[in-house]
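# Summary of structural features
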Amino acid sequence: MARLRKALTPYLMILPGGLWMAVFFVVPLVFMLSVSLMTGNIIDGFKQTWHWQNYADGFHTYGDKLVRSLWYGLLATVACIALAYPAAYWIAFKGGRRKSTYLFLLLLPFFVSFVLRTLAWKLVLTDNGPLLGPLRSHGLLPKDFHILDSGFAVVSGLTYNFLPFMVLPIYVALERIDYRVIEASYDLYAGRTQAFLRVVLPLSLPGVFAGVIMTFVPVASDYVNSEVLGGPNNVMIGHIIRTEYFDNSSYALASALSFSLMALLLVGIFAYARALGTEDVLEAAGR
Amino acid sequence: MTETQHAPLRDDPGRAGDAVPAIELAGVRKEYHAHGETVPAVRKVDLAIGQGEFFSLLGPSGCGKTTTMRMIAGFEEPTAGEVYLHGESVTGVPANRRDVNMVFQSYALFPHMSVFENVAFGLRRRRTPKAEIAERVAAMLEIVDLAGREKRRPAELSGGQQQRVALARALVNRPRALLLDEPLGALDLKLRQAMQVELKRIQREVGITFVYVTHDQGEALTMSDRIAVMNDGLVEQLGSPREIYERPATKFVAGFIGTSNLLGGEAVEGGAGQAVLRHGDGGRIVALLGDGRSVTAGDAVELTVRPEKMQITADRPDDGLSRVPGRVSEVVYLGTSTNYNVTTDGGAEVVVFVQNAMNAEDVARRGDRVWLSWEPQHSYLLGSPE
Ligand SMILES: Nc1ncnc2c1ncn2[C@@H]1O[C@H](COP(=O)(O)OP(=O)(O)OP(=O)(O)O)[C@@H](O)[C@H]1O
Ligand SMILES: [Mg+2]
């Protein structure tokens, strides 16, 4: 009896989480997958016809938006690493007793609603707003200069909005490094650069890896930033899916696009995991 | 940076000799600032460690051993004083450019590298040719008995094996001195003893100066050529294990190393070479004085006698011996020896170890009145640190 209980314990432990995932993740996923293969419209209803053409149509009509989403996702993720790594490094190694204060300050803006923050950016960056307005009226900027409605604005917004998802895992990875290991590398004739490249960076890579997954996926499927900051020429696929689903009621097409995006993201992540997540990278760092 | 010329310290005995010491600390002090307070971790340390010497820093937790070591390695700069490596001041020289290597208390192995890469790390940073690296790492792993484990990660090794990787990683660079900070602290007793023998063997084999930090007095006594006993940021005594054990200079050293009996007395006969003291009624102690010590009649003094140097008899001992009367308060039989706790008439609590020779009967029983006696050369007058 006791043995049986022991054998069952791990399964019992995953039961609540597993049930949750089954009900709120797997069921809708299967449902949406089936919707993506339906034909019909909101008036006559939808019918399951195994209509794979939905996918082809999606690619055909919105292929450029899909590619743009992945591209913006990549840019914003790289920008996040560039901003997050030094910040996390500084807090982890130079933060002293105030580490958690600094971390809190960094996360403070994110207690405000995501949409609200993005709208605030729009107000700040608008052509006659507090930032560009004065510069423009003093003739410091050309008349046709603007930030809003550009890819740059979208990527900046994405970077800003998803920064914490990069900072936190990198911080955790750096924080976990035993400082004596770094001292040992100095003791063994490594200068600052070598100590960083051979010891700190490889030991923090798992954090970067987690951060990339946690930012790249939501960034590539985000629709708020492109909608608020990007204008009509920088539309991302999330925005299209939303419009097709809620405004045009094209449930089948929207579902097909969602699954296409998911497939692309999975391929991207696995390619990345193969390139970076393996031990080979760490091994190479040891040389 | 200017290199300061200076004369090596000569006031300590032992092996430092005439040659330039491998490591020298001159008036070294280190203060930390924490919570607005100044903490003197090391108050003032003067040491000269000879080439090839096995030198131990021994002292209780928090006495400043690690701090002293970190100043030699270059992780901390002294607040005052100077560190010399082979006669050259290393003030301002960072750790990666000092020709000493450290074995950390926690080993601090690189967790993401294999054993081979860990050991090769220092050589690679010094741009040693590949073939030579392979050769030297292999030879080193042979010495520490880890050949065939090159590909393992530190996490896949036992504590003792990790310890040996840490040792190999430092030694393979052939540093002029190796600093070991309680390298055996994390090992269990058996492994610890085996590693003590191993370390000694390796040190003889490579002939490198070892500076060894420990708070285990047994370890320090068995392994070292010389020991510096530290307490509260100061070196209380510096000498060979025998000197430290047999002639403890201060009360702290006497108490920290081995068991010691502490007796107080009043000088009845002063002098420079020896003094005669009175300890309670009928207690007469002849004590030898160290260099430069002298005592005047009437001085109150303290001295130590090791428990195994004392004899316990029912009859009054010969006049040439130091003798103190007392009463046995406890007898503890320990197999090979018996411990007698005696309260002297002078009010001191004393313990005497008596070896249990063949057919020996108990020398005394609880409550018996006895005489304690010992040769004059076994009692040492205690001083206090300057
Ligand atoms: N970075 C620091 N900041 C403030 N105080 C420190 C620091 N490092 C050490 N100390 C203090 O300095 C004193 C000496 O510390 P040290 O680490 O040298 O002791 P130790 O002899 O190595 O002790 P142990 O046997 O416990 O390792 C201690 O009182 C300690 O609290
Ligand atoms: Mg220590």
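None of the values given here were measured: they were computed from a predicted structure.

Calculation notes
- Residues numbered from 1 in each chain as written.
- Chains lettered and ligands numbered in written order.
- Predicted model: local features only at pLDDT ≥ 70, side-chain atom pairs only at ≥ 80, totals over all residues.
- Heavy atoms only, no water.
- Helix = DSSP H or I, 4+ residues; strand = E, 2+ residues; numbered from the N terminus.
- Buried < 20%, exposed > 50% of the residue type's maximum accessible area, 1.4 Å probe, protein only.
- Contact = heavy atoms within 4.5 Å.
- Areas by Shrake-Rupley, 256 points an atom, 1.4 Å probe, with all protein chains shown as cover.
- Lys, Arg positive; Asp, Glu negative; His and termini not counted.
- Charge placed at Lys NZ, Arg CZ, Asp CG, Glu CD.
- Salt bridge = Lys/Arg side-chain N within 4 Å of Asp/Glu carboxyl O.
- Near = heavy atom within 4 Å.
- Polar contact = N/O pair within 3.5 Å; in protein donor to acceptor, adjacent residues only side chain to side chain.
- Nonpolar A, V, L, I, M, F, W, Y, C, P; charged D, E, K, R; others polar.
- Domains from an automatic or database assignment.
- Buried area = accessible area lost by both parts, 1.4 Å probe.
- Core = buried A, V, L, I, M, F, W, Y, C linked by side-chain atoms within 4.5 Å.
- UniProt positions renumbered as here; feature names shortened; annotations may be inferred.
- Phe/Tyr/Trp six-rings, centres within 6.5 Å; stacked < 30°, edge-to-face > 60°.
- Patch = residues over 30% accessible without salt bridge, like charges linked within 9 Å, V, L, I, M, F, W, Y side chains within 5 Å.

### Brief notes about the overall build of chain B
- The helix and strand inventory of chain B stands at eight helices and 20 strands.
- Principal-axis analysis of the C-alpha atoms places the extent of chain B at approximately 75 × 50 × 45 Å.
- Here chain B holds 386 residues, and 50% of them are scored as buried.
- When contacts within chain B are restricted to residue pairs at least 6 apart in sequence, those whose partners lie at least 24 apart make up 67%.
- In the structure as shown, chain B presents an accessible area of about 17500 Å², 47% of it carried by carbon and sulfur atoms.
- Seen as two clouds, the 44 positive and the 51 negative side-chain charges of chain B have centres 7 Å apart.

### Regarding the pattern of salt bridges
- Counting across every chain of the model gives 27 salt bridges over all chains.
- Between Glu175(A) and Lys99(A) there is a salt bridge, with its nearest N and O atoms 3.2 Å apart. Here Glu175(A) is found in helix α6 (residues 151–175), whereas its partner Lys99(A) is found in helix α3 (residues 99–107), with 76 residues between them in sequence.
- The partly exposed category is assigned to Glu175(A), whose relative accessible area is 34%.
- Take Lys99(A): its relative accessible area is 21%, and that puts it in the partly exposed class.
- Linking Arg316(B) and Asp319(B) is a salt bridge whose minimum nitrogen-to-oxygen distance equals 3.3 Å.
- Given the relative accessible area of 48%, Arg316(B) is considered partly exposed.
- Several salt bridges converge on common partners, so that one network encompasses Glu183(A), Lys30(B), Arg70(B) and Glu76(B).

### Here's the deal with the site of ligand 1
Residues and elements named next belong to chain B.
- In the neighbourhood of ligand 1, the contacting residues comprise Tyr32, Ala41, Pro60, Ser61, Gly62, Cys63, Gly64, Lys65, Thr66, Thr67, Glu182 and His215.
- Lysine 65 places a side-chain nitrogen or oxygen 2.8 Å from an oxygen atom of ligand 1.
- Glutamate 182 places a side-chain nitrogen or oxygen 3.2 Å from an oxygen atom of ligand 1.
- When isolated, ligand 1 has an accessible area of 640 Å², and the protein chains bury 62% of it.
- In terms of residue count, the dominant contributor to the shell around ligand 1 is helix α1 (residues 65–73) (three residues).
- Broken down by class, the residue content of the shell around ligand 1 amounts to four nonpolar, six polar and two charged.

### Structural notes on the domain arrangement of chain B
Residues and elements named next belong to chain B.
- One can read the domain layout of chain B as domain 1 (23–99 + 175–251) and domain 2 (261–381).
- Computed from C-alpha atoms alone, the centre-to-centre distance between domain 1 and domain 2 is 34 Å.
- Each side of the interface is counted separately: domain 1 has six residues, and domain 2 has eight residues.
- Among the residues of domain 1 in contact with domain 2, Tyr245, Arg247 and Lys251 are the three that bury the most area, contributing 63% of the side total.
- For the pair domain 1 and domain 2, the number of links is two salt bridges.
- A salt bridge links glutamate 302 to lysine 251; the shortest N-O distance between them is 3.2 Å.
- Inspection of the region where domain 1 meets domain 2 yields four residue pairs in polar contact (both at pLDDT 80 or more).

### Observations regarding the nonpolar core
- Ranked by internal contacts, the top residues of the largest apolar core, which has 77 residues, are Ile23(B), Leu47(B) and Leu179(B).
- Considering every element that reaches this core, the biggest residue donor is helix α8 (residues 192–221) of chain A, with nine residues.
- Ignoring anything within four residues of it in the chain, the contact list for Leu179(B) reads Ile23(B), Met69(B), Ile72(B), Ala73(B), Val100(B), Asn101(B), Met102(B), Val103(B) and Val211(B).
- Among the nonpolar cores identified, the runner-up in size contains 33 residues, and Val103(B), Val119(B), Ala168(B) and Met223(B) belong to it.

### Looking at the UniProt feature "domain: ABC transporter" (unreviewed entry) in chain B
- According to UniProt, the "domain: ABC transporter" (unreviewed entry) feature falls on residues 23–257 of chain B.
- Counting secondary structure, residues 23–257 of chain B comes out at 36% helix and 28% strand; the distance between its end C-alpha atoms is 25 Å.

### A few points about the packing of aromatic side chains
- All told, the structure shown has 21 aromatic pairs over all chains when counted by the stated rule.
- An angle of 35° between the planes, with centres 5.7 Å apart, marks the rings of Phe110(A) and Tyr160(A) as tilted. Linking Phe110(A) in the loop between α3 and α4 (114–125) with Tyr160(A) in helix α6, this pair joins segments that are 50 residues apart in sequence.
- In this structure Tyr160(A) comes out as partly exposed when scored by relative accessible area, which is 23%.
- Between Phe54(B) and Phe210(B), the aromatic rings sit 5.6 Å apart at their centres with planes inclined by 40°, giving tilted as the arrangement. A residue pair is termed long-range when its members are at least 10 positions apart, and Phe54(B) in strand β3 (residues 54–58) and Phe210(B) in strand β8 (residues 209–214) qualify at 156 residues.

### Considerations on a nonpolar patch on the surface
- On the surface, a cluster of nonpolar side chains totalling about 910 Å² of accessible area is made up of Met1(A), Leu4(A), Leu8(A), Tyr11(A), Leu12(A), Ile14(A), Leu15(A) and Leu19(A).
- Residue class for Leu8(A) comes out partly exposed when judged on its relative accessible area of 41%.

### Re unusual backbone geometry
- Phi at Ser249(A) takes a positive value of approximately 55°, unusual for a residue other than glycine.
- Its place among the elements puts Ser249(A) in the loop between α10 (237–247) and α11 (251–277).
- The buried category is assigned to Ser249(A), whose relative accessible area is 17%.
- Located in the positive-phi region is Ala108(B), a residue other than glycine, with phi close to 50°.
- Along the chain, Ala108(B) falls in the loop between β6 (100–103) and α2 (115–125).
- Relative accessible area serves as the criterion here: at 3%, Ala108(B) is assigned to the buried category.

### Focus: α1(B)
All names here are of chain B.
- The buried fraction of α1 amounts to eight of the nine residues, a majority that puts the element mostly inside the structure.
- Of the positions making up α1, those classed as buried are Lys65, Thr67, Thr68, Met69, Arg70, Met71, Ile72 and Ala73.
- Two residues or fewer past α1, glycine 74 is found with a positive phi of approximately 105°.

### Quick notes on the UniProt feature "transmembrane region" (unreviewed entry) in chain A
Residue and element names in this part refer to chain A.
- On the UniProt side, "transmembrane region" (unreviewed entry) is annotated at positions that read residues 12–31, 70–91, 103–125, 145–174, 195–217 and 251–273 here.
- Along residues 103–125 one finds 74% helix and 0% strand; the C-alpha atoms at either end are 27 Å apart.
- From the first C-alpha to the last, residues 251–273 spans 33 Å; its make-up is 100% helix and 0% strand.

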